[in-house]
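Close look at the chain arrangement
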Amino acid sequence: MTAPFIDLRSDTVTLPTPTMREAMANAPLGDDVYGEDPTVNALEELAAAKVGHEAGLFVASGTMGNLIAMLTHCGRGDEVILGKRAHTFLYEGGGISTLGSVHSAQIWEQADGSLALDDLAAAIRPDDLHAPRTRLIALENTHNRCGGTFQPPAYVAAVSDFAHARGLKVHVDGARIFNAAVAQQVDVKKLTEPVDSITFCLSKGLCAPVGSVLCGSREFIALARRWRKHLGGGMRQAGILAAGGVVALNEMVERLSQDHARAQKLAQGLSIYPQLVFDAGSPATNMLFLNLAEAAGLSAAQVAEALKVRGVLVGVTGARRFRLVMHYWVGDAEVERVVGAFGEVLG
Ligand SMILES: *Cc1c(COP(=O)(O)O)cnc(C)c1O
């Protein structure tokens, strides 16, 4: 890592690995808007095969992938049901509404980030001209704001059956779907095959510098490809970016278990400090959510500032709340240094 910091703010800070840089430098390229970039085509095929869908679409970001998915599933004035703490609802600029004219019904997640079937049933609109038409259910797996929690195959299958029986589609915001799969030691297909579309990020724990892939049926992706162009996402010689994604999918998935193990190790290390209070069940995957006890006498921002002086960057997600995210560039030695830095700051 070039920076002198141990950066736990997010797994988006990951730099490409040396193997990725080499693959990027040597990638065969073409005009992807003409469908002629062999590296983009290879990435899209590899991604689709991994998640058990017919086709894939390389997009600039997870946000763009989710937006395109919703524009493709929903028409103007249609409604998507999603969680109140969904990334798409909270952190994607409201793009589905501002750009897509897609309305959203937000329901509370369960503690594990899932949407209860009863709540989904209650949110489906009646066939009445006063109401928008319910078209889509959007899940998030792993669920960021719910603590990096994951949903199991049986749940994904149940929601898909529920939706399909009612003529609805299911999209998964699977920015970290491989974390969800690795944490449960299941083939990722078990989490993705039952649904109609899935977006996952190459640029988080998988370390690629840029991009996400949206996967679905051939027909769905053909329509999605039109929306990508429409949004200015036709990127021409994008194989130079996609090459990093190919390495990410081939080499970086299984090792995510190391990030999960280090999250556990960090949680254990930090558990000696009574000023820190962990969320129940945290960490579920690669992220740790913790709170400062009242007695700590410091705000999260003050602690973060003092940690920064000691070479550690943490995410502050509330007045007394932190998020610490494990990734490829955080090894065992770094975990120990973080525990020590917290000790110095908390005193
Ligand atoms: C990061 C993230 C996204 C969006 O990805 P970007 O590439 O940053 O646009 C979507 N959903 C979840 C759950 C994420 O964590």
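Residues numbered from 1 in each chain as written. Predicted model: local features only at pLDDT ≥ 70, side-chain atom pairs only at ≥ 80, totals over all residues. Heavy atoms only, no water.

1. A closer look at the overall build of the protein chain
Of regular secondary structure, the protein chain possesses 14 helices and 13 strands. For the protein chain, the C-alpha radius of gyration of 20 Å lies close to 20 Å, the compact-globule estimate for 347 residues. Based on the C-alpha atoms only, the size of the protein chain along its principal axes is roughly 60 × 50 × 35 Å. Buried positions account for 55% of the 347 residues belonging to the protein chain. When contacts within the protein chain are restricted to residue pairs at least 6 apart in sequence, long-range pairs at least 24 apart make up 73% of them. For the protein chain, the computed accessible surface area is about 14,500 Å², with 52% contributed by carbon and sulfur atoms. Distance from the positive charge centre (31 side chains) to the negative charge centre (36 side chains) of the protein chain: 4 Å. (Helix = DSSP H or I, 4+ residues; strand = E, 2+ residues; numbered from the N terminus. Rg over C-alpha atoms; globule rule 2.2 N^0.38 Å. Buried < 20%, exposed > 50% of the residue type's maximum accessible area, 1.4 Å probe, protein only. Contact = heavy atoms within 4.5 Å. Areas by Shrake-Rupley, 256 points an atom, 1.4 Å probe, with all protein chains shown as cover. Lys, Arg positive; Asp, Glu negative; His and termini not counted. Charge placed at Lys NZ, Arg CZ, Asp CG, Glu CD.)

2. A few points about the packing of aromatic side chains
Aromatic ring pairs are described here by two measures, namely the spacing of the ring centres and the angle between the planes. On inspection of all chains with the given rule, the structure shows 3 aromatic pairs. Residues Phe-178 and Phe-200 carry aromatic rings whose centres are separated by 5.1 Å and whose planes lie at 80° to one another, so their mutual orientation is edge-to-face. In this pair, Phe-178 sits in helix H8 (residues 177-184) while Phe-200 sits in strand S7 (residues 197-201), placing the two residues 22 residues apart along the sequence. Pair check on accessibility: Phe-178 and Phe-200 agree, each one buried. (Phe/Tyr/Trp six-rings, centres within 6.5 Å; stacked < 30°, edge-to-face > 60°.)

3. Brief notes about a nonpolar patch on the surface
Side chains of Phe-89, Leu-90 and Tyr-91 sit close together on the surface and give an oily, nonpolar patch of about 260 Å² of accessible area. In this fold, Tyr-91 is placed in the loop between helix H4 (87-90) and helix H5 (95-98). (Patch = residues over 30% accessible without salt bridge, like charges linked within 9 Å, V, L, I, M, F, W, Y side chains within 5 Å. Salt bridge = Lys/Arg side-chain N within 4 Å of Asp/Glu carboxyl O.)

4. Topic: the sheet that holds strand S10 (residues 287-292)
Taken in spatial order, the 4 strands of this open sheet run S9-S10-S13-S12, and their pairing is antiparallel. Every other strand in the sheet has two partners, leaving strand S9 (276-278) and strand S12 (315-318) as the edge strands with one partner each. Neighbouring strand axes in the sheet, compared pairwise and without regard to direction, differ in orientation by 35° on average. One ladder, built from 3 bridges, connects S9 with S10; its direction is antiparallel. For Leu-276, the partnering residue across the bridge sits in S10 and is Leu-292. Taken strand by strand, helix H12 (residues 256-270) contacts S9, S10 and strand S13 (321-325), and its axis lies near 20° from that of S10. (Pairing = 2+ DSSP bridges. Axes fitted to C-alpha atoms, helices over the stretch in contact; angles between N-to-C directions.)

5. Observations regarding the packing of helix H3 (residues 62-73) against helix H10 (residues 218-230)
Running from N to C, H3 and H10 point in directions that differ by 115°, and their axes come no closer than 9 Å. With respect to the hand of their crossing, H3 and H10 are arranged in right-handed fashion. Where H3 approaches H10, its residues Met-64, Ile-68, Ala-69, Leu-71, Thr-72 and His-73 are matched on the opposing element by Phe-220, Leu-223, Ala-224, Trp-227 and Arg-228. Across the contact of H3 with H10, the residue classes tally to 8 nonpolar, 2 polar and 1 charged. (Left-handed = near helix turned anticlockwise from the far one by under 90°. Nonpolar A, V, L, I, M, F, W, Y, C, P; charged D, E, K, R; others polar.)

6. What to know about the site of the ligand
With respect to spatial proximity, 13 residues lie near the ligand, and among them Gly-62, Thr-63, Asp-173, Arg-176 and Lys-204 are the closest. Measuring from an oxygen atom of the ligand, one finds a side-chain N or O atom of Arg-176 at 2.9 Å. At 2.7 Å, a side-chain N or O of Lys-204 approaches an oxygen atom of the ligand. Burial of the ligand by the protein amounts to 85% of the accessible area it has alone, namely 380 Å². Tallying contributions element by element places H3 first for the shell around the ligand, with 3 residues. Taken together, the residues that form the shell around the ligand break down as 2 nonpolar, 6 polar and 5 charged. (Near = heavy atom within 4 Å. Polar contact = N/O pair within 3.5 Å; in protein donor to acceptor, adjacent residues only side chain to side chain.)

7. Regarding the domain arrangement of the protein chain
Assigned domains within the protein chain: domain 1 (6-12 + 255-346) and domain 2 (18-251). Once you take the C-alpha centre of each, domain 1 and domain 2 turn out to be 29 Å apart. Tallying the contact residues gives 15 residues for domain 1 and 17 residues for domain 2. At the boundary of domain 1 with domain 2, total buried surface from both sides reaches about 1,400 Å², with 59% on carbon and sulfur atoms. In terms of surface lost to domain 2, no three residues of domain 1 exceed Asp-11, Leu-256 and Thr-285, which account for 35% of the buried area on that side. Scanning the region where domain 1 abuts domain 2 turns up 1 salt bridge. (Domains from an automatic or database assignment. Buried area = accessible area lost by both parts, 1.4 Å probe.)

8. Focus on the packing of helix H1 (residues 18-26) against helix H11 (residues 239-251)
Angle between the axes and distance between the axes are the two parameters that describe a pair of packed helices. Two numbers describe how H1 lies on H11: the axes approach to 8 Å, and their chain directions differ by 140°. When the axis of H1 is compared with that of H11, the two are oblique. Here the hand of the crossing between H1 and H11 comes out right-handed. Taking contact as the criterion, the partners of Thr-19, Met-20, Ala-23 and Met-24 in H1 are, on H11, Ile-240, Leu-241, Ala-243, Gly-244, Val-247, Ala-248 and Glu-251. When the residues that make up the contact of H1 with H11 are grouped by side-chain class, the tally is 8 nonpolar, 2 polar and 1 charged. (Parallel < 35°, antiparallel > 145°, perpendicular 65-115°, else oblique.)

9. What about H3?
Taking 1.5 Å of rise per residue, the 12 residues of H3 would be expected to cover 16 Å, and the 16 Å separating its terminal C-alpha atoms lies within 8% of that figure. H3 sits mainly inside the fold: 11 of its 12 residues count as buried. Within the span of H3, buried status applies to Gly-62, Met-64, Gly-65, Asn-66, Leu-67, Ile-68, Ala-69, Met-70, Leu-71, Thr-72 and His-73. (Expected span 1.5 Å × (residues − 1).)

10. Considerations on the state of the cysteines
According to the stated counting rule, one finds 0 disulfides in the structure shown. Cysteine Cys-74 remains unbridged, with the sulfur of Cys-215 as its closest cysteine sulfur at 19 Å. Not part of a disulfide, Cys-207 finds its nearest cysteine sulfur in Cys-201, a span of 13 Å. (Disulfide = S-S within 2.5 Å.)

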